Amino acid sequence: MWHAGEEVLVETRAVETRLGGQYIHRGVSLSVRRGEIAALIGGSGTGKSVLLRVLCGLLRPTAGEAMLFGGNVWAVDSDALNAMRRRYGMLFQDGALFSSLTVEQNVATPLIEHTRLPRSDCLQLARLKLAMVGLPPDAACKMPDELSGGMRKRVALARALALDPELLFLDEPTSGLDPVSARAFDRLLRTLCDNLGLTVLLVTHDLDTLLSIADRIIVLAQGKVLGSGTLDQIRALDDPWLHAYFSSRTPEVAPATPSTQLS
Amino acid sequence: MNPPTLRLDHSAGPARVIASGDWRLVRMDRRPLWQPQPLPQSVELDGDGIERLDPSGAWMLLRTLAAAGVTADAIVPVNFHPAARAILELVRQNLTPSERMRPPASNWVVQIGAAAHRLAEYVGAALSLVGRVGAECVGLIRHPQQFRIKEFTAQVDAIFVQAIVLVVMMMFLLGVVFAYLLGRQALQYGANLYVVDGTTLAICRELSPILVAILIAGRSGSAITAQLGTMKFDDEIDAISVLGLSPWGVLIIPRLLALVMALPLLVFIGDLAGIGGSMLVADKQLDIAPAAFVNRMVSALDTATVVVGLGKAPVFALFIGLIASQTGLRVRRNARSIGLSTTSTVVQSIVAVILLNAVIAVTLVELGI
């Protein structure tokens, strides 16, 4: 009863995209099931953020289908597309906050536009979401250009969560956050997923996120999906980039022995 | 699924509120969830009938109970699905006080003070810019090889060369209209020839300098503000400083010098175009042949008029350039700021040009020029 609805929320079928004459995707096929946190990884320039834009209805693919909630994003009419848009939230890489609104107005905008609740309720729900992402109450009346990068990202996450969506797209959510905030962010995502059945597709370079909360990892390389599975399955793949990626942690430095210390 | 409902149940001893139905944001609207009724300080909340719950729904639930006098901490949840319980706890932990964190109140005294403060800060920044530019110029005189020729010529191309056609068109049409209207009056008194005096003097002394300056303010002033503003936005100006170069020398001096050089040339071109337009109308409407026009012009137009007209141009250009640079460097990091700044540059420049023109006019009259 808690997690009713479509089983496969996100699906791409042989998506091809071109940007400025270059092929970014050459047939990307992946799927994300309800309730899982899927992490999209790959080298820089492999088109991870571009794929999110295709799924959100921002960039038309040259071939293939991008499906959300079982419907083709690029083939439905605008009413159906808007209905889809109320069921997912998107976090852009730099936050993409509305620069002429305060923080709480930013988060309240989806509520004001898409619900019939009175404005004061929308603002209070916005403050609830701001508290959920770990922002102090005095941040609510600030303007976006008065915030640090990490705070802006958290406001953007609060806005993505404003309508309590079933699906979240996150574009490098922890980049620019300090390790403590990044882990708190991961924990919040895990709590929401476990208790709400929230489904997340996130683009990340953060190995800690992968190790701690990702249910499934999808690897993008050379415009295609190189592999998709659990952490152990991906680790077992034979690819030089993946090997380098997973061993990119610098080993712990051993403490100096007494004989090397200056007396 | 059923709509969200709340029901008070006294049958099992301590007051118990039974929530049931679909408690999600999509089901919430303005209608009250139950008839307000008084509740004891602490109640049990039975969640067995809750079909779906999300954070917004949980918040509504807690808010409704709070309105009936039960604080969030005094609610004892029973029979909740574990996931629903977790969501309720998540919301309970994050409830913020209901009064808004208001920004400090401002009355008219505060606003006047804030405006005076902003004005003082603006004047200070303007003087600082003038000082820095002056210091850079002195430095350039001592080390002329540091002058950025490429940037300068690029700006001359953008500010001067690309504006020529526009200036010619504008001043030609102005000359036509002016001569035509003056001509109609002159015809009534048979004073055709004096149209030559009227148009050439007015164009050379006042119309060309002011109108060309306004055109350049709108065209190049706003472009400079937008360019510098975008560079400030992207930290490009900081990057220039960190490399050991001076942003004033690299960016602002070439633009200022280009403006100061371009505007008199454009005013001159405007003079020629305006006179050309008048000549055309004089020929067609007033039967003054071009040769006669030129003859009359040579005797009517004295050197002082032309020189004054051309001499105003560098002054206007300097002010336009300083205003545009100042506003560009003060752009804030938000989407409206660039638009507001470019508008402000154009308005300030036009006002400055008109004011300067008035000051110069009065001064020269007093000096007898």
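Treat the numbers as computed from the prediction; the structure is a model and nothing was measured.

So, how was this worked out
Residues numbered from 1 in each chain as written. Chains lettered and ligands numbered in written order. Predicted model: local features only at pLDDT ≥ 70, side-chain atom pairs only at ≥ 80, totals over all residues. Helix = DSSP H or I, 4+ residues; strand = E, 2+ residues; numbered from the N terminus. Rg over C-alpha atoms; globule rule 2.2 N^0.38 Å. Buried ≥ 20, exposed ≤ 12 C-beta atoms within 10 Å, placed from the backbone. Contact = placed C-beta atoms within 7 Å. Pairing = 2+ DSSP bridges. Axes fitted to C-alpha atoms, helices over the stretch in contact; angles between N-to-C directions. Domains from an automatic or database assignment. Parallel < 35°, antiparallel > 145°, perpendicular 65-115°, else oblique. Left-handed = near helix turned anticlockwise from the far one by under 90°. Nonpolar A, V, L, I, M, F, W, Y, C, P; charged D, E, K, R; others polar. Core = buried A, V, L, I, M, F, W, Y, C linked by C-beta atoms within 7 Å.

Some points on the overall build of chain B
Next, step 1: Helix and strand counts for chain B come out as 11 helices and 4 strands.
Next, step 2: For a compact globule of 369 residues, the expected C-alpha radius of gyration is about 21 Å, and chain B comes in at 36 Å, more than 25% above that figure.
Next, step 3: Judged by the C-alpha coordinates and their principal axes, chain B covers about 115 × 60 × 40 Å.
Next, step 4: Here chain B holds 369 residues, and 31% of them are scored as buried.
Next, step 5: Contacts in chain B between residues at least 24 apart in sequence constitute 84% of all its contacts with a sequence separation of at least 6.

Describing the overall build of chain A
Next, step 1: When helices and strands are tallied, chain A shows 9 helices and 10 strands.
Next, step 2: In terms of overall dimensions, chain A has a C-alpha envelope of 70 × 50 × 45 Å along the principal axes.
Next, step 3: Buried residues in chain A amount to 43% of all 263 residues.
Next, step 4: Residue pairs in contact within chain A that sit at least 24 positions apart in sequence constitute 65% of those at least 6 positions apart.

What about the sheet that holds strand β5 (residues 71-72) of chain A?
All names here are of chain A.
Next, step 1: The strand order across the open sheet formed by 4 strands is β2-β1-β4-β5, and the pairing between neighbours is antiparallel. The open sheet is flanked by β2 (22-33) and β5, the only strands paired with a single partner.
Next, step 2: Taken together, the 5 bridges between strand β1 (residues 8-19) and strand β4 (residues 63-68) define a ladder with antiparallel strand orientation. Directly across from Thr 12, in β4, lies its bridge partner Ala 66.
Next, step 3: Across the sheet, helix α1 (residues 48-55) touches β1, β2 and β4, and the angle it forms with β1 is around 115°.

Side note on the domain arrangement of chain B
Next, step 1: Domain annotation for chain B reports domain 1 (5-93) and domain 2 (148-367).
Next, step 2: For domain 1 of chain B and domain 2 of chain B, the distance between their C-alpha centroids amounts to 71 Å.

Quick notes on the sheet that holds strand β8 (residues 199-203) of chain A
Residue and element names in this part refer to chain A.
Next, step 1: Strand order in this open sheet of 6 strands is β6-β7-β8-β3-β9-β10, and the pairing throughout is mixed. Strand pairing shows two members of the sheet lacking a second neighbour, β6 (88-91) and β10 (224-229), which therefore form its edges. On average, adjacent strands in this sheet sit at an angle of 15° to one another, irrespective of strand direction.
Next, step 2: Taken strand by strand, α1 contacts β3 (37-41), β7 (167-171), β8 and β9 (216-221), and its axis lies near 150° from that of β7.

A word on the packing of helix α1 (residues 55-67) of chain B against helix α2 (residues 82-93) of chain B
All names here are of chain B.
Next, step 1: Two numbers describe how α1 lies on α2: the axes approach to 9 Å, and their chain directions differ by 65°. The pairing of α1 with α2 is recorded here as roughly perpendicular in orientation. In the crossing of α1 with α2, the sense of the turn from one axis to the other is right-handed. Contacts between α1 and α2 involve Pro 55, Ala 58, Trp 59 and Leu 62 on the former and, on the latter, Ile 87, Leu 88, Leu 90, Val 91 and Arg 92.
Next, step 2: Taken together, the residues that form the contact of α1 with α2 break down as 8 nonpolar, no polar and 1 charged.

What about the nonpolar core?
Next, step 1: Ranked by size, the top nonpolar core spans 93 residues in total, and within it Ala39(A), Leu40(A), Leu55(A), Ala126(A), Leu130(A), Phe169(A) and Val200(A) carry the most contacts.
Next, step 2: Looking at this core element by element, the count peaks at 8 residues for helix α4 (residues 119-132) of chain A.
Next, step 3: Formed by 52 residues, the second largest nonpolar core is a distinct cluster that contains Ile216(B), Trp248(B), Ile253(B) and Val346(B).

Topic: the pairing of β3(A)
All names here are of chain A.
Next, step 1: Within β3, 5 of the 5 residues are buried, which leaves the element mostly enclosed by the surrounding structure.
Next, step 2: Residues Ile 37, Ala 39 and Ile 41 of β3 are buried on one face, and the alternating residues Ala 38 and Leu 40, pointing to the opposite face, are buried as well.
Next, step 3: Pairing of β3 with β8, which is carried by 4 bridges, proceeds in the parallel orientation. Each residue of the ladder has a partner; that of Ile 37, found in β8, is Val 200.
Next, step 4: Of the pairings in the sheet, the one linking β3 to β9 comprises 4 bridges and is parallel in character. Note that in β9 the partner of Ile 41 across the bridge is Val 219.

With respect to unusual backbone geometry
Next, step 1: If you check the backbone angles, Glu172(A) has positive phi at about 50° while not being a glycine.
Next, step 2: Along the chain, Glu172(A) falls in the loop between β7 and α6 (179-196).
Next, step 3: A positive phi angle is found at Asp235(B), which is not glycine, with a value near 65°.
Next, step 4: Position of Asp235(B) among the secondary structure elements: in the loop between α6 (194-233) and α7 (236-242).
Next, step 5: Residue classification places Asp235(B) among the exposed residues on the basis of 12 C-beta atoms within 10 Å.

Quick notes on the interface of chain A and chain B
Next, step 1: Residue-level contacts link 25 residues of chain A with 28 residues of chain B.
Next, step 2: Ranked by residues supplied to the side of chain A that touches chain B, first place goes to α4(A) with 6 residues.
Next, step 3: Grouping the constituent residues of the side of chain A that touches chain B by class yields 14 nonpolar, 6 polar and 5 charged.

Some details on the domain arrangement of chain A
All names here are of chain A.
Next, step 1: In terms of domains, chain A is made up of domain 1 (1-87 + 165-246) and domain 2 (96-162).
Next, step 2: Each of domain 1 and domain 2 was reduced to a C-alpha centroid, and the two centroids are 24 Å apart.
Next, step 3: Taken together, the contact between domain 1 and domain 2 spans 9 residues of the former and 9 residues of the latter.
Next, step 4: Of all the elements, α6 adds the most residues to the side of domain 1 that touches domain 2, at 3 residues.
Next, step 5: Its residues assigned to classes, the side of domain 1 that touches domain 2 comprises 5 nonpolar, 2 polar and 2 charged.

Observations regarding the environment of Ser222(B)
Residue and element names in this part refer to chain B.
Next, step 1: You can see Ser 222 is positioned in helix α6.
Next, step 2: Judged by the 21 C-beta atoms lying within 10 Å of it, Ser 222 is buried.
Next, step 3: Between the C-alpha atom of Ser 222 and that of Ser 325, which follows or precedes it by 103 residues, the distance is 9.6 Å.
Next, step 4: In contact with Ser 222, not counting residues within four places along its chain, are Thr 342, Thr 345 and Val 346.

A look at the packing of helix α10 (residues 303-329) of chain B against helix α11 (residues 335-367) of chain B
Residue and element names in this part refer to chain B.
Next, step 1: It is at 9 Å that the axes of α10 and α11 come closest, and there the two elements cross at 150°. Overall, the two elements α10 and α11 adopt an arrangement that is roughly antiparallel. The element α10 and its partner α11 pack so that their crossing is right-handed. Residues Val 308, Lys 312, Val 315, Phe 316, Phe 319, Ile 320, Ile 323, Ala 324, Thr 327 and Gly 328 of α10 touch α11, and the partners they reach there are Ser 341, Ser 344, Thr 345, Gln 348, Ser 349, Ala 352, Val 353, Leu 356, Asn 357, Ile 360 and Leu 364.
Next, step 2: Class assignment for the residues of the contact of α10 with α11 results in 12 nonpolar, 8 polar and 1 charged.

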